[in-house]
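# Overview (structure and organization)
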Amino acid sequence: GRMLVVPNRECDIYQRLWCVYEMFVASQLGVPVRVAKTLASAGGSGSAGAKCSQAEDSERIRREIFSSGHSFRDIDEAVSGL
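Let me begin by describing the structure that accompanies this report. (Residues numbered from 1 in each chain as written. Predicted model: local features only at pLDDT ≥ 70, side-chain atom pairs only at ≥ 80, totals over all residues. Heavy atoms only, no water.)

Let us now look at the pattern of salt bridges. Inspection of the entire model under this criterion finds two salt bridges. For R60, the salt bridge is made with E64, and the minimal N-O distance between the two is 2.4 Å. Residue R60 and its partner E64 are both found in helix α2 (residues 55-67); the two are separated by four residues, about one turn of the helix. E77 is the salt-bridge partner of R73, the closest N and O atoms lying 3.3 Å from each other. Of this pair, R73 and E77 both sit in helix α3 (residues 72-80), four residues apart, roughly one helical turn. Note on accessibility: R73 and E77 belong to one class, exposed. (Salt bridge = Lys/Arg side-chain N within 4 Å of Asp/Glu carboxyl O. Helix = DSSP H or I, 4+ residues; strand = E, 2+ residues; numbered from the N terminus. Buried < 20%, exposed > 50% of the residue type's maximum accessible area, 1.4 Å probe, protein only.)

Between its first and last C-alpha, α2 extends 18 Å over 13 residues, near the 18 Å set by a 1.5 Å rise per residue. Buried residues in α2 make contact with α1 (17-28) and α3. (Expected span 1.5 Å × (residues − 1). Contact = heavy atoms within 4.5 Å.)

This paragraph deals with the side chain of S47. Among the secondary structure elements, S47 is positioned in the loop between β2 (33-35) and α2. Note on S47: relative accessible area 0%, which makes it buried. A distance of 3.4 Å separates the side chain of S47 from the backbone oxygen of F72, its partner in a polar contact. If sequence neighbours within four positions are ignored, S47 has contacts with Y14, L17, V20, F72, I75 and D76. (Polar contact = N/O pair within 3.5 Å; in protein donor to acceptor, adjacent residues only side chain to side chain.)

Encoded structure:
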């Protein structure tokens, strides 16, 4: 399989915790991840400030990140080169 990330004009994909976390997990599993070339910017903010629309989703993802021994820096490094 593979993953295609499609930026849009509404928000920075790096500020959406689900987006960066899914990109990170895919890259950790060896799934090729590509960011589509669109007229919208993908953004580039750090993932530490990323959020979900539901607070409980943000909390669960943050717990998963830290309980797996990873950090937001790990996520930023993994997704920054995509």
